[in-house]
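Single-letter residue listing:
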Amino acid sequence: MSEPAPLVYLVDDDEAVRKGLARLIASAGYRVATFDSARAFLGRGGADAGPACLVLDVQMPDLSGLDLQRELDAAESIMPIVFVTGHGDIPMSVRAMKAGAADFLTKPVDEEQLLGAIGLAVARAARDSAERAERDAVRRRFGSLTPREREVMALVVTGRLNKQIAHELGTVEQTVKVHRMRVMAKMQADSLADLVRLAEKAGIPRPRDR
Amino acid sequence: MKLRTDLRRAACSIRESGIASVSKEMGVIAGTAATRPALRRLLWFFRRSELLVPLVFLAAGLANGAQPVATVAPPAPQTVLIIDGERHDLSGFRSFETGIREVFASRPGAIELFVEHLDAGRFSAAQSRQAFARFVQARYAARKIDLVLTFTESAAEFALAHRSQLFPRVPVVLAAVSHEWEGARALPAGIVTAPIEYDFRGTLELALTLQPDLREVVVVHGTSDYDRARLDEARQALERFAPRLRYRTLGQLSLSAIEEEVRRLPRASMVLQVSLVQNAEGKPIDGRELAGRLAAISAVPVYAVYESYLYMGALGGSMFDYTALGRAAAAMVQGTLARVDASAIRAADPHVSNLLVNWQALKKWRIPESRIPTDAQIRLRPLSPWDQYRYQILLAGIGMIVLVLLIVLLLLELARRQRAEKTLRESEARFRSMADTAPVLIWMSGPDKLCTFFNRGWLDFTGRTLEQEMGNGWTEGVHPDDLALCTGTYARFFDARESFAMEYRLRRHDSEYRWIIDNGAPRFAPDGAFLGYIGSCIDFTEHHELQRSRQELAHAARVSAMGELAGSLAHELNQPLTAILSNAQAAQRFMAAETIDLREVRESLGDVVSEGKRASEVIRRMRALVRKGEIEIAPLDIEELVRDVAELLRSDAVMRGVRVVLEIAAALPPARGDRVQLQQVVLNLLMNAFDAMEKSPPGQRVAAVRVTPDGPAALRVTVSDSGSGLNSDMLDRVFQPFHTTKREGLGLGLSICRTIIEAHGGRLHAENNAGAGATFYFTLPVDVARPARQT
C-alpha cells in the first residue's frame, strides 16, 4: 500500500511536552502535526487526508481541551480524541468519555499506553470513515429510488408479503414485484436481510407496524 | 701778639676743658679779631692739622653755645648770688629757695648758688648796709658772678644801690618785690622782676565762705613803709566788700592794746593780720610771733596772707606761694643766663597764691568742714594713723582681706565637697534602691569586661549569690547552646564601646531555662573616660514563644497553601516529567530502528536534560516556600521573587482560566526583607485573587501584579483581580484573623500577610478597583546598601 501514514494531531500549550510527545509519536511511524492552542487547531484549514486522530491536553488557557471537544462535536467531527492530561480527576475523565473521547490518559504518559490508544483511535477513525463512506453510498442509492420504490422498500423491509404491500399501496402484486426487483437492484441488496441492513445503515425510517 | 696768645689758650682749652670755655675763648677771640687780617690769621691757624680733629666739636660748640656734649667734660657752672633781704630762718625765703633749687636740680652742676642774708629787719641802719656791701665785695672779689637774684624789696633796694660797685653789668633778677615798689622806680636795663602779689581779696572771700555771718574785719598792721604799702593793698580789697563788710584798722595802737582789742572782739568779725614789720612804737616785730599770739588770744578767727602765719594759728587765707615764686624766679634766671627774653617768662604766672586752711583752727572755731572750698588746701590736719601709715595699713588690710578670702574659699570648698559627697551618697543609695526594686535584671561591668554588680532582681531570678555571679561567674547560668553567641556578642560590642541587645537563655532558680533579652550600654565618666557597661534584662520567654508560634503559624500557612496548590503543583511537575519520559522513550525507539537517526536521538536527550532541570526548579520553588526557619533579612530581587511565585501558580492559573499579568518596572532597586515570607504574601494574594474571580465569566479573569518604585526608599507591590470586589466595610475586616468568606480554611492568610508586611516596615491595604475587582497593595523598604539594579 502506498497510503500515507496516519496523521496524529497534537495540541498542548506546553512546548516541551509538545516536542516530546511529537517525537515519540513520530518515532512510532505516524505523521504528527502540532498546535499550541485549541484555536490554532481549529483554524488549521484544509481537509484531512486519510484517517487522523487528535491527542489533546485538557488544561490550556483560553479554550480548554474539553471546550475543543465540544466544538468538534458541534461540527460533527468524527476525529477520535485521546486526552492526555497532567491533572486528571474522575469527574473530568467521566465527562470526557461520555462526550465520546477515545481515551483519557494522565501525564507522564507511558509510551505503550499512548501509542496503543493512538493505534486504536486511528483504526477507529479509519473504520468510522469507512462506515461513513458506506452509508453515504447507501444513501445515494436510496436517493436514486423513485418515490413509489421508496414506499415499496419501506414496506418490504417490514417483512410484509408482496400481496399485502399491494393491498396497502392499492396496486397489484405484479407491480409490487416489479418495484421490489428494481429496489433490490438499485440498492444492490442480495437478499431481504441485506436490504433490511442497508435500510438501517442509511437511517431510513421504519413505518409503523400493523 | 695777643691773638696768638689767645689762640694758644684756645688750643689748651680744647685739650683740657670743654667746649663751653672754648666757645667763651672763641667769643673773646672773635670779639677781638674783628679785623680782616686777623680773620685771615685765624683761618691760617685753623688750617694746622692739630686742630682739624676738634674742628667738628668746635663747630658744634659754637652752634650750641653753652650745651655740653656727652663725650666732652662738663663745663664750669655759672655762679648765681642770691641776696635775701631778711633773716635766713623766715619760712618765706625757705620756700623760695626750695622752689629755686627744684628747678636748678633738673640740670645739676649747671649753676652754683651762693646765698647772703641782708637781715634788713634787724639791721636797718645805713652803716650795716655799707658793711654788708663791703663784705659782699670782699667775699666775691675772686669769683665771677654771672647773675644776682634778690629776695624782698630790701634786698632789691640794696642791689640797685650797690650794683655798679659790686656787680657791674651783671644781670639782676629782683624777686619778691611788690608792684608799687616796682612802679615807683625806673629800673635800668638788665634788671627784671618776679613780683609778689598778695591776694587779700581771695583771703576775704575765704573768710566769708568759712564765716558766712561775717560783718566786720579788724585789720592789724604795722607802720613801716612796707607795712603801709601792704595796708593800702588790703584796703583796696576791703573797699570792694563794702557794704557787706565793715573794717577798722588797729595799726596805731601798741602791741598790748592791739592784743586787748583783739581779745574782746565780738562775734561775726575777723582779724586780718597784714604785714607788721614795725609797729607804732617803732619796735621791729616778728610777724610770726605776733601771729601766734593773736591767734591764741583772739576772740575771732585770724586770717593772713603769709603761709607762716597759718602755722602759728591763723585760720587761713589766700597765701602767697613762695615756692612757686622761687620756681618762676629760677626759670627767669636760667632764661636770662641763656640770653632768652626774661619778660616772656615773667608773664607766665603772676598769681601764685594758694587757698590754705588751718584744720586745727577750723576745729577750734567749730567751723563745719563742709564750708571749706574745694580748691583750698588743708594744713595741720593731724595725721591720723591712716595718713601716717597709709601704705602699711593698706597692705595689712589687703593682706587681711586676702587671708579672709582664702579662708572663705576654703570653707566654701569644704562645704562644696561635703555637699558633693552627700549628693554622691544619696545618688548611690537612690540607684541601689531603684536597681533593687525594679522588676528587671540589672548588671554592671567595669572596663575589663568583668561584672561588678548584679541587682536584687538578677540574684533573685538566678537564685545565686553576688559572689557567685561576679566577674564571669554569671556565664555559668547561660544555656550551653547560647553561650558562645552570648559571650562573643558581648565581647565584640564591648570592644567597640557600642550598645547592644542580645537574646539568650538563662537558667532560673528552678533550673528552667528562660529566654532573656539583654540590653547593654556603655558608661562614660563626665570627662569621657570609659567606665564599663550597664545592662538590663527581661524574661521574655512568653514573647519569644509567641514569636516562635507566629513563625510556626506562618510556616503552617505556607504549607497549607502548598497543600491547596498540590494539584496544580503536581501538574507543574508532570509537564517536564512527561516531556522527559516521551523524549527518552522516543530516543529508545530511534535507537531500535534499522537506521538510527542520531540527530533525533541527540535532540531527545537534550530535551530530557533541560526538562529535568525544569522539574528541579519547580521542586526548588516549592521547597523554598515551605522552608521553615529563622527569618533572614537580606537584599531581594523583587522581580525574580514575583516571577517565581507566578511560575508556581501557572498551572493553577490555567486550570482556573485566569490570565496572570506581570508589570514590573525596570531598574528597580533591591528590596530588603525575608524572601520566604514575602513570597508567601504574594502567593497568598494571588491565590485570593484567583478565588475572587471564580464566579467571573472565563475570559474576564485577569490577575495583575505590578511593582513600581514608591519614592526613593520604597517599592510598591499591587495584586489586583477582576472579580467581584470587596464590600466597603470589609476593606479592613478581611485582614482580621479568622475572617473568611471561603468554605475551607481558617481565614488566617491575610492576617498573617499583614503581620509579615508590618514586620517589614510596610502596610498592607485593600481597595476596590474603579472597574471590577479589588487591589491589594503593600510597600517594602529599599535595601540601602546597594544602588538600583541596572537592567
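Check the entry above for the structure.
Report on the accompanying structure.

Cut-offs applied
Residues numbered from 1 in each chain as written. Chains lettered and ligands numbered in written order. Predicted model: local features only at pLDDT ≥ 70, side-chain atom pairs only at ≥ 80, totals over all residues. Heavy atoms only, no water. Helix = DSSP H or I, 4+ residues; strand = E, 2+ residues; numbered from the N terminus. Phe/Tyr/Trp six-rings, centres within 6.5 Å; stacked < 30°, edge-to-face > 60°. Buried < 20%, exposed > 50% of the residue type's maximum accessible area, 1.4 Å probe, protein only. Lys NZ or Arg CZ within 6 Å of the ring centre and 35° of its normal. Pairing = 2+ DSSP bridges. Axes fitted to C-alpha atoms, helices over the stretch in contact; angles between N-to-C directions. Contact = heavy atoms within 4.5 Å. Salt bridge = Lys/Arg side-chain N within 4 Å of Asp/Glu carboxyl O.

1. A word on unusual backbone geometry
A cis geometry characterises the amide bond from A:Lys107 onward to A:Pro108, with omega recorded as -5°. Mapped onto the elements of the fold, A:Pro108 is located in the loop between strand E5 (103-106) and helix H5 (111-143). Following B:Ala242, the chain continues to B:Pro243 via a peptide bond in cis, the omega torsion being 0°. Structurally, B:Pro243 is set in the loop between helix H10 (225-241) and strand E7 (246-249).

2. Quick notes on the packing of aromatic side chains
Considering all chains together, one arrives at 30 aromatic pairs over all chains under this definition. For the ring pair B:Tyr198 and B:Phe200, a centre distance of 6.4 Å and an interplane angle of 50° mean the geometry is tilted. Look at B:Tyr198 and you get buried, because its relative accessible area is 10%. Given a relative accessible area of 3%, B:Phe200 falls into the buried group. Every member of this aromatic cluster is reached through a ring pair, and the members are B:Phe93, B:Phe96, B:Phe151, B:Tyr198, B:Phe200, B:Tyr306, B:Tyr309, B:Phe320 and B:Tyr322. Seen from the ring of A:Phe41, A:Arg44 lies directly overhead, with NZ or CZ sitting 4.3 Å from the centre. The ring of B:Tyr777 has B:Arg716 lying over it, and the distance from NZ or CZ to the ring centre is 4.5 Å.

3. Considerations on the sheet that holds strand E22 (residues 714-720) of chain B
All names here are of chain B. Taken in spatial order, the five strands line up as E19-E21-E22-E24-E23 in an open sheet, and their pairing is mixed. Either end of the sheet is taken by a strand with one partner, and the two such strands are strand E19 (659-664) and strand E23 (764-768). Strand after strand, the sheet turns through a mean of 15° between neighbouring axes, direction not considered. Where helix H27 (residues 675-692) meets the sheet, its contacts fall on E19, strand E21 (702-709), E22, E23 and strand E24 (774-781), and the angle it forms with E24 comes to roughly 170°.

4. Let's talk about the pattern of salt bridges
Counted according to the given criterion, the structure contains 67 salt bridges over all chains. Close ionic contact of A:Arg23 with B:Glu603 constitutes a salt bridge, the shortest N to O distance being 3.2 Å. Of this pair, A:Arg23 sits in helix H1 (residues 15-27) while B:Glu603 sits in helix H24 (residues 598-626), placing the two residues on different chains.

5. Some thoughts on the environment of A:Asp128
All names here are of chain A. Inspection of the secondary structure puts Asp-128 in helix H5. Given a relative accessible area of 23%, Asp-128 falls into the partly exposed group. For the pair formed by Asp-128 and Pro-51, sequence separation is 77 residues and the distance between their alpha carbons is 8.9 Å.

6. Description of the sheet that holds strand E5 (residues 191-196) of chain B
All names here are of chain B. Pairing in this open sheet of five strands is parallel, and the strands run E2-E1-E3-E4-E5 from one edge to the other. Looking at the sheet topology across the chains shown, the edges are occupied by strand E2 (111-117) and E5. The mean angle between the axes of side-by-side strands here comes to 20°, regardless of whether they run parallel or antiparallel. In this sheet, strand E4 (residues 172-178) lies alongside strand E3 (residues 147-151) in parallel orientation, the contact comprising four bridges. Note that in E4 the partner of Leu-149 across the bridge is Val-173. Each of strand E1 (78-84), E2, E3, E4 and E5 touches helix H14 (residues 322-337); the most contacted strand, E5, lies at about 170° to it.

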